[in-house]
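Spelled out, the chains give:
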Amino acid sequence: MVSSCFLYVFPLLFIFFTNCVHAFERNAAHFELIHRHSPELDRWGYNGGGLGQPTNRYQRLKQLIHSDNARQRVIQNRRGLRRMGLELDMSGAAAKIPVRSAADRGAGQYFVSFRVGSPPQKMVLIVDTGSDLTWVNCKYMCDDCPSIAKANGSRIFYANQSPSFKTIPCSSDICKADLAQSFSLARCPNPMIPCAYDYRYADGSSAIGIFANDTVTIGLSNHRKLRLHDILIGCTESLQGSFRQADGVMGLGYAKHSFALKAAQQFGNKFSYCLVDHLSPSNLVNYLTFGNTTVPPHMHYTQLVLGTMNPFYAVNVVGISVGGMMLDIPAQVFDVKGVGGFIIDSGSSLTFLTEPAYKPIMAALTSPLANFTKEDLGFGPLEFCFGVTESFNESLVPQLEFHFGDGAQFVPPIKSYVIAAADGVRCLGFASTGWPGTSVIGNIMQQNYLWEFDLAAKRLGFGASACQ
């Protein structure tokens, strides 16, 4: 295998990406996704604020679910977003990107390396499938704006040094209509003043700046570089709150001007990722790919419901079974177009279920575990934890299955929902969220599977994989 290493950033899941582009297939760019607990994150200089290596499994899990509650408020509050129709053009090569996970507060779980501008300037971004705006710490016209970038050692994108940086006028239809869901501001004292935004997150953090188009550089597996022109970028000149360990956010959500759609248009209108077990050795990596990739031999495909719950990726779950028995869950819980529905979310660690689904699932899974000693972790939303020995037999746990409307079934490994929370302690990896509301299949449940988002065919593919 031939490889060459660069550093780029691409948003998708909250992950850090190293620019190791491996030539696994012709005209494909392959990037590693680096988990937030990888020692390499420390070498990048982003080791504060709860990042870096936890001392034990307890601390590791605590870091992973730290942001989940804030993120769920974001998800539940965005149910009313209007649909956005997208016409996508098919094209050739693939770009595959490595991702590393990171702690955020309501924003996501992974970081990536990203090159923006002409010539390219390197940034390290949080990756998020639930955000539609990609923004970077930036300096454009504001000399005295309050910024934490320099104080925290993070990088700044110098927009005036990029000839390809072009602001979007506040009088444009893009600003007034398309970017309204990205918190564009209505003020426009002069038609040519840049379109401004005040992007708010669930924990009260905010990113304030202007919208612009610029060039993003992607490394391909054939050792060439592809420049994507006129990519929407947020130039954040004032930052308040929790984004102290990254240079910005990469938005992989489904929206007309999101990075995910613009990049996917260059690579067959699809992207995919594969996440290894969060307890795996640090030398094992996750991957993010734009375009075609080698898929596992037993892939399953189901409908990807786009445009209904933007910027999230919804799926048509119609039932859940435990131990081969379909659970009694009201149909409204699964109704994506009503008050329920399920989404696939890389930025949530746990799987969140609305109460009418949570109660029967927990009852079915806790019953065969009743003889174990119940443990209390003392943090987070995990309701059922129990003590085990190293010889814990997973066969005691009944198999969980998600059933889709077109007949596909997702059968996660038991370790993805009976998670190792601390030495000698396992927990059921589910949390309850209010009803009515959206249920979320989180990234721990997604581990050891390849997930392929085919935006043109509106199809989600998934298959068990070692992510190699």
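Now for a description of the structure that goes with this document. What you see is a predicted model; the values in this text were computed from it and never measured. (Residues numbered from 1 in each chain as written. Predicted model: local features only at pLDDT ≥ 70, side-chain atom pairs only at ≥ 80, totals over all residues. Heavy atoms only, no water.)

Further remarks concern the overall build of the chain. When helices and strands are tallied, the chain shows seven helices and 32 strands. The buried share among the 468 residues of the chain stands at 60%. Across the chain, the fraction of contacts at a sequence separation of at least 24, relative to all contacts at a separation of at least 6, is 71%. For the chain, the accessible area works out to roughly 17,600 Å², and carbon and sulfur atoms hold 49% of it. (Helix = DSSP H or I, 4+ residues; strand = E, 2+ residues; numbered from the N terminus. Buried < 20%, exposed > 50% of the residue type's maximum accessible area, 1.4 Å probe, protein only. Contact = heavy atoms within 4.5 Å. Areas by Shrake-Rupley, 256 points an atom, 1.4 Å probe, with all protein chains shown as cover.)

All right, on to the pattern of salt bridges then. Tallied over the entire structure, the rule returns four salt bridges. Ionic pairing is found between Lys270 and Asp454, a salt bridge with its closest N-O pair at 3.9 Å. One end of the pair, Lys270, is in strand 15 (residues 270–274); the other, Asp454, is in strand 31 (residues 449–454), and 184 residues separate them in sequence. The class of Lys270 is buried, set by a relative accessible area of 12%. (Salt bridge = Lys/Arg side-chain N within 4 Å of Asp/Glu carboxyl O.)

Let us now look at the sheet that holds strand 24 (residues 385–387). Sheet architecture is open: four strands sit in the order 23-24-28-27, paired in antiparallel fashion. On the outer flanks of this sheet lie strand 23 (374–375) and strand 27 (418–422), each paired with one strand and no other. Examined bridge by bridge, strand 24 and strand 28 (residues 425–428) share three bridges and lie antiparallel to one another. Residue Phe386 lies in a different strand from strand 28, and its bridge partner there is Arg426. (Pairing = 2+ DSSP bridges.)

Before going further, it helps to spend a moment on the environment of Gly407. Counting through the fold element by element, Gly407 comes out in the loop between strand 25 (400–404) and strand 26 (409–410). Separated by 90 residues in sequence, Gly407 and Val317 have C-alpha atoms that sit 9.8 Å apart.

Before going further, it helps to spend a moment on the state of the cysteines. Evaluation of the coordinates by the stated rule reveals five disulfides. A sulfur-sulfur separation of 2.0 Å characterises the disulfide bridge that pairs Cys138 with Cys235. Looking along the S-S bond of the Cys138-Cys235 disulfide, the torsion reads about -85 degrees, which is the left-handed sense. Placement of Cys138 in strand 8 (residues 135–139) and of Cys235 in strand 13 (residues 225–240) is noted, with a sequence separation of 97 residues between them. (Disulfide = S-S within 2.5 Å.)

The next subject is unusual backbone geometry. With an omega of 5 degrees, the peptide bond running from Asn310 to Pro311 counts as cis. Within the secondary structure layout, Pro311 lies in the loop between strand 17 (300–305) and strand 18 (313–315). Although it is not a glycine, Asp230 adopts a positive phi angle of roughly 55 degrees. Positionally, Asp230 belongs in strand 13. On the accessibility criterion, Asp230 (51% relative accessible area) is exposed. Despite not being glycine, Lys458 has its phi angle at roughly 50 degrees, a positive value. Secondary-structure assignment places Lys458 in the loop between strand 31 and strand 32 (459–464). Among the residues examined, Lys458 registers a relative accessible area of 48% and is labelled partly exposed.

Glancing now at the nonpolar core. By size, the foremost hydrophobic cluster in this structure holds 78 residues, and its most contacted members are Ile320, Phe342, Phe430, Phe453 and Leu455. Ignoring sequence-local partners within four residues, the contact set of Phe453 consists of Asn269, Lys270, Phe271, Tyr273, Leu304, Tyr313, Ile344, Arg459 and Leu460. Membership of the second largest hydrophobic core comes to 22 residues, among which are Ala421, Cys427, Ala431 and Val440. (Core = buried A, V, L, I, M, F, W, Y, C linked by side-chain atoms within 4.5 Å.)

This part takes up the sheet that holds strand 26. Read across the open sheet, the four strands follow the order 20-19-25-26; overall the sheet is antiparallel. Two strands close off the open sheet at either side, each with one partner strand: strand 20 (325–326) and strand 26. As judged from the two bridges shared by strand 25 and strand 26, these two strands associate in the antiparallel manner. Residue pairing across strands places Phe402 opposite Phe410, the latter belonging to strand 26.

Its place among the elements puts Ser416 in the loop between strand 26 and strand 27. Judged by its relative accessible area of 2%, Ser416 is buried. For Ser416, the contacting residues outside a window of four places in its chain are Ile444, Met445 and Gln447.

With that settled, the discussion passes to the pairing of strand 16 (residues 286–290). Burial analysis of strand 16 places five of its five residues in the buried class, the great majority of the element. Burial along strand 16 is two-sided: Asn286, Leu288 and Phe290 and Tyr287 and Thr289, pointing in opposite directions, are all buried. Here strand 15 pairs with strand 16 via four bridges, running antiparallel. Within strand 16, the residue paired with Ser272 across the bridge is Thr289.

Turning to the packing of aromatic side chains, a few remarks are in order. Following the criterion strictly, the structure yields 26 aromatic pairs and no others. Arranged with centres 5.2 Å apart and planes meeting at 65 degrees, the rings of Tyr313 and Phe453 form a pair that is edge-to-face. Pair noted here: Tyr313 is in strand 18 and Phe453 is in strand 31, with a separation of 140 residues, a long-range link. Here the two residues Tyr313 and Phe453 agree in accessibility, since each one is buried. Between Phe410 and Trp451, the aromatic rings sit 5.1 Å apart at their centres with planes inclined by 75 degrees, giving edge-to-face as the arrangement. A residue pair is termed long-range when its members are at least 10 positions apart, and Phe410 in strand 26 and Trp451 in strand 31 qualify at 41 residues. (Phe/Tyr/Trp six-rings, centres within 6.5 Å; stacked < 30°, edge-to-face > 60°.)

Function-wise, these values are silent; they only describe arrangement.
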